[in-house]
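Report on the structure
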Amino acid sequence: SQAIELTQLDPEASAAEKANYLRDKHGRFIEGIDGGTIGDLLNHFKELIHGDNELAFQTWIQIFPSVWQTTSTNPELVAKLTQELTVFLARDYHMKQVRGNPNVIQAFVEGIQNCGFPPKLSVDLLKFLAKTFNVWHPVIALLERGGVSPNTEQETYLALSEVYNLLSESDLYFAILKKKLYNDETSAALTFEQHGQWAKAQETFQNCLFKSQSGAKNAPHQEICLWEDHWIKCAKNLGQWEVLNEYAKSGNQYELLMETSWRLSDWSTMKEAVAKVGTESTASKIAQGYITIHDNKIAEFEPIFSVGIQSALKSFCALPEVPSLAHVPILQQFQKIVELKDSTMILKDTKTTTAEFKSILALWRDRVPNNWDDIVFWSDILNWRQQNVFSVMSNSVQLPIEGQMSNSNMVQSGHTETAWCINKFCHVARKHDLVDLCLSQQAKIYTLPNIEMNDAFTKFREQIKCYSNSPSTLRQGLEIIQSTHTDFFSAQQKSEFMRLKGEFLWKLGQGEEANQCYSTSIQTSDTWYHSWLSWGKMCDHQFGETKDLQWAEHAISCYLQAARGTEKSRSYLARALYLLDNDDENERLMRAFEKGLEGLPLWIWVVHIPFLIRSFKRAEGAFIRTLHKVSTYFPQGVYFPLRTFYKTISPDASMLVLRKPATINEDDMEVVQPANAAAASNAASSASANTAVSSPAPGLSPPNPSASPAKEAIQGAASASNVNPNALPGTNPTGVAPNAPSSTGAQNAAAAMTAAPPMLPAIPKIRQPANFYVEDLLKNVQTKSQSLLFDLENLANEIVTNLAPTSEEILHTHLQWCITQVYSLNSSIHSLPDNIKNRLKDIAQFNVIPVENKNYLATKQKYGREMETDFGGEVPLESIIPLLKKWILRLEEVIDKLPKKIPLKDLSPFLAEFQPSSVEIPGQYFNDNEPSADLHVRLDRIISPVHVFNGKRIIQMRGTNGKIYHFMIETDYSNTGSFVNGSQERAQRLFRGINKWISNHRETRRRNIYFHIPNTISLSPTTRLVQIPDVEHFSLDTPYKKYCLQLGQKDTYSPQDYYRAKVAQKDTLEGRLNAYHHISVSIPDEMFKKYTESLFPSPNHFFAFRKQSASQLAVHSLLSYILGVKNALPENLSFFKSTGSLLQNNFFPLVNEDGKIDCDEPTPFRLSRNMSSFLGNLMVDGTLSASMTSTSLCLIHHKEVLRNQLSLYLRDELVASRFSEPEVTSDKKTEIEWRKKVISCVEPNVDRMMEKLNSTISSSSDKSGSSASSRISKLLENAQQARVYVQNNASWQPWI
């Protein structure tokens, strides 16, 4: 029919008329291009390319590999083209594009990298191109492949190590040197240097040089140069600048001379060195700035400043676009230049007013390097300030001018800031384990004519701490303490002085004298929480030795007092909670704990809310009262875990309409006083005691209401060691002077009364069922936050009800679980275990799907009869796998047709319009910091669409800060209670503590190591939210499934079937290896690498992802090995594209029926062939190994606190999963026996974990050169051996 133009159509034109027009128009287009050629398209394509640089770049790197492939059969042509390509890449005219991005060199090098058989280019050319044209990572990829250059293998690795060194990738740099180039002794020295053990590294390098000079050791010139270079680096970090200066003069090393001369105030040599080096580089410009400021030529500094900034910017732009460690040295140069600029402002005496001067000094105290930065950079910043700025201020002689700082103030400020810089540098040096450097630098403080008392005490404390870690220096440190006068110290300084003395005495075995010192320390300042902590640790140790509950009482009280202080002190709260399980029938420890609870900040308990909720089952009044108070202040932190617990014990109960609690006689009730009443009472009983420490500390006799807490603590602990507290030096028998009230205590007491909640409900003395306490608590919270709880309940209910997976997805999940369990069975098992039988029975009866599911009836009607036939009866083991695979494939066909993005309004119209005013983004109460509702991000709205990944919904919550938060909705309808037990949340609480240690440890922090811990919020016994970094993520088996899809193979379980069948025929190591090698032929080992590489736009992004994944895998693998975590199946390991984070489902150890950690896997952790290929050998030997070693050293450094955390974690895990609490009606004897049984299972498990941790680090190096990373290297080697991981079952899939 005749086509009708759309513009001529009436608005009411039919759809058929519009379709006819579009069809005819497309037909005319097809007729018009008939007879066209590729050339016609290329002409238009050329025009597009010339108009878009990015399009030209992407087109070239895709076309060049295909064109080069056509030359592979003609070696002569390949050689000729390679020669021409080498000449072309070395042309000078490319320098015009040196700052371009993209540029011609980047296009050619990336195109060469994508070739299957790339042209062989010289390594010198590749190094030049990498440094000059910002093609670092394409060049790295070429050099790592090997055989891509005409140079030897050693030359290739040398070039690769140089490129890594320029990028500050020290772990990869050391990996090449140790594994590929040098001998064992050099490798040992490099390992010491790699992990910051500078003294050992220097000693080893020096021994190598001596052997070489004496002729005892023959080494190539290249290795000798390496020894010298790294000896110089060690000397810099050890602060041996005089030695380096002499060495530089003797060898005419002007760059080194330029770096050392200004530190030694040898300015004539400095000027000579700068003249020799030139002023082209940024470092030379900084040195020129030093000279200019020293010569007081302030006016000449501005052009140097401008050129230096431009030079640093050019260097910064030549680095990869993805932020990395390569940018850190340039950023440090920027800080040095800015410091020089500030120095000129300070030294302009005639223009510096008092306000400007003080603001710069305050800024300088804040703008110091990070604690994990190299000590050389700390030296650059602080030494410059001391020697060339503050020294000028200290020696200034000028008449005061109106509006400016007077001469005396200027001089005194110079002395003060110099002392501060010295103490700060000494503190950082000690933290870097550079004890000799710390002690040598402290001598500089004596050159000052006068210093403030705070600076003098800081110097004393740093000096004493240098002697505290080595048993050989304890006596020397104690002598220094005993010879120090404390007359001019403040109360807290005297308290710290006595604490340090007590620690030295305790380590020297003088327990009674140490106890005296701790008593005096607490009496001097009962708010110095470090003393409480040290005293508690001593009492705890005594309890472990004697098993006397008096010491446990004292330890608990001291730990609770210390918890009011620093974060380190709060970490010992876990130990106090664990000690309660040693209580007797008189509940002595619980009474001591209740005393210590008074005045303890409530926010400390927020991270322990799951622990407090479990106290409902044991009707522990102290914890129930604490939870009442916490819920009053932090209802959103309590509501969701409380909802889950309540729905578990009362599934049909409503959270908003509670039934009236059972009637209790008034005589059986005890009134819970509000928090302010206790605070006010404590503040009144001791005017000198701060409210934060107002509860009595340990004591063997009932506390005297008129005595101070410190007095009771001193009497209690002193009597435990037969020491008369009144005989202690400086002890006042009546406690702290009553006429010296603490203003801080008064202020805190007033604040507590002002912000106090109303009178809390009465708690019955008679033990009641758990639901009674929950309902009572909910009723209390509803009276204060009814509208808030209404919004929270609607949010939770909508997510649980309307965002649940479909019935097909639920069935598919359970069937996958069943087939995984079947593949996990040993070949010796010939019948289905009961857990699989029960699950199959539930599937056949549709018990795994909630009745309220939207398509429950339709799905049951569609599949119910067939499933009953297949799984309803007894099914033999050999027949179950085909049935499971049949149903999995059938359901996958249905699921694949479901949309991957669903509009939110189609699932839940309520959530699509949900805009609460006070609901917070979930997951903000997991950090061990004081929560602040005013600073928390609130929920703006839930945005559409809802993403679907492997049957799980992912919702996106937009916060009031504009950020999008992603939450994955996980469900469990298996009736196993895995969500209810809270194992995942409990393990995450343990890992958060470990993460804090990692973030503060020098070696782990400088490597940017962290353990990805998702916030998990339980909404009900069957549903929880898991916060994830981004929507885009993939599991370890995703590339395999896509690979099977490309081959047209729907059955992804065939390798497991083959492996299981072969193992059943011949269950020997040889039989397993044969089956594994047969499967590996058809599954490429670079499958995972190629898939992940295709996800990223450039080699820079892919390298950053690999490196971050390696550091994540390091912590993950180490914790898997130590804790005995299994379940590292490919489908359980997820990688997030945007962050490189790694997430394993159910990452926690499993406990068997005997209470032992079930960790019988032959591999220490998962590092199978595809993961090894993805990381590469250098990344495994470099980043992965070094990150694991650093993390292990960090955990060993905190092993005391780690043991406490593990004990509490395993205790709660055993109670939740294996040894349920006794009934509330049980007698005390039954409870005590139950506690002993739990402890008897906890201690062996913790011992085993600590043994594994200690086994990862060698205690010392032997003559063969074994070092701190030798054990880790053996673990990595063991994890990558096919002979080891083929011993796993088929579900582990070792071929992936």
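Note that the structure is predicted; figures quoted are calculated from it, not measured.

Enumeration according to the criterion identifies 52 salt bridges in this entry. Measuring nitrogen to oxygen at the nearest pair gives 2.7 Å for the salt bridge that ties Glu 302 to Lys 341. Taken together, the residues span a long stretch of sequence, with Glu 302 in helix H17 (residues 301-317) and Lys 341 in helix H18 (residues 328-347) at a distance of 39 residues. Overall, Glu 302 belongs to the partly exposed group, its relative accessible area being 36%. Asp 1037 is the partner of Lys 1041 in a salt bridge, and the nearest nitrogen-oxygen pair spans 3.5 Å. Residues joined in a network through salt bridges with shared partners are Asp 581, Arg 989, Arg 1211, Asp 1212, Glu 1231 and Arg 1235.

So, about the packing of aromatic side chains. Counted by the stated rule, this structure contains 47 aromatic pairs. Considering the side-chain rings of Tyr 823 and Tyr 1053, the 6.0 Å spacing of their centres and the 25° angle between planes classify their relative orientation as stacked. Of the two residues, Tyr 823 is situated in helix H40 (residues 807-823) and Tyr 1053 in the loop between helix H49 (1038-1046) and helix H50 (1054-1065); the sequence distance between them amounts to 230 residues. Tyr 1053 shares its class with Tyr 823; the two are buried. Residues Phe 1102 and Phe 1174 carry aromatic rings whose centres are separated by 6.2 Å and whose planes lie at 65° to one another, so their mutual orientation is edge-to-face. Of this pair, Phe 1102 sits in helix H53 (residues 1099-1123) while Phe 1174 is found in helix H54 (residues 1169-1175), placing the two residues 72 residues apart along the sequence. Across the pair, Phe 1174 and Phe 1102 agree in class, each one buried. Cluster of aromatic residues (ring-pair linked, three or more members): Phe 1034, Phe 1088, Tyr 1091, Phe 1096, Phe 1102, Phe 1105, Phe 1135 and Phe 1174. Above the plane of the ring of Phe 543 lies Lys 547, whose end atom (NZ or CZ) is 5.6 Å from the centre. Stacked on the ring of Tyr 1121, the Lys or Arg Lys 1252 has its end atom at 5.4 Å from the ring centre.

With six of its six residues buried, strand E8 (residues 1023-1028) lies for the most part within the structure. Here E8 shows two buried faces, one formed by Thr 1023, Leu 1025 and Gln 1027 and the other by Arg 1024, Val 1026 and Ile 1028. Across six bridges, strand E6 (residues 964-971) lies against E8 in antiparallel orientation. Bridge assignment links His 966 to a residue of E8, and that residue is Ile 1028. In textbook terms, the turn of a hairpin is the stretch between consecutive antiparallel strands, and for strand E7 (residues 1016-1020) and E8 this stretch comprises two residues.

Moving on: the sheet that holds strand E3 (residues 901-902). The strand order across the open sheet built from six strands is E3-E4-E5-E6-E8-E7, with neighbouring strands paired in antiparallel fashion. Across the chains shown, the open sheet's two edge strands, defined by having one partner strand only, are E3 and E7. In this sheet, strand E5 (residues 952-959) lies alongside strand E4 (residues 939-949) in antiparallel orientation, the contact comprising seven bridges. In the strand pairing of E5, Arg 941 is matched with Arg 958.

Cut-offs and rules
Residue numbers restart at each chain and count upward from 1, following the sequence in its written direction. Where local features are concerned, this predicted model is filtered to residues with pLDDT of at least 70; where side-chain atom pairs are given and counted, the filter is 80 or more; whole-chain, interface and lining totals use all residues. Where side-chain values are given, they derive from all heavy atoms of the structure, hydrogens and water being excluded. Salt bridges are counted wherever a side-chain nitrogen of Lys or Arg sits within 4 Å of a carboxyl oxygen of Asp or Glu. Strands are runs of DSSP state E lasting at least two residues, helices are runs of H or I lasting at least four, and both sets are numbered from the N terminus onward. Exposure classes here rest on a 1.4 Å probe applied to the protein chains alone. A residue is buried below 20% of its type maximum, exposed above 50%, and partly exposed in between. Two rings belonging to Phe, Tyr or Trp (six-membered ring only in the last case) form a pair when the distance between their centres is within 6.5 Å. Interplanar angles under 30 degrees mark stacking, angles over 60 mark edge-to-face geometry, and anything in between is tilted. Placement of a positive charge over a ring is assigned whenever Lys NZ or Arg CZ falls within 6 Å of the ring centre and within 35 degrees of the normal to the ring plane. One bridge is not enough; two strands pair if DSSP finds at least two bridges between them.

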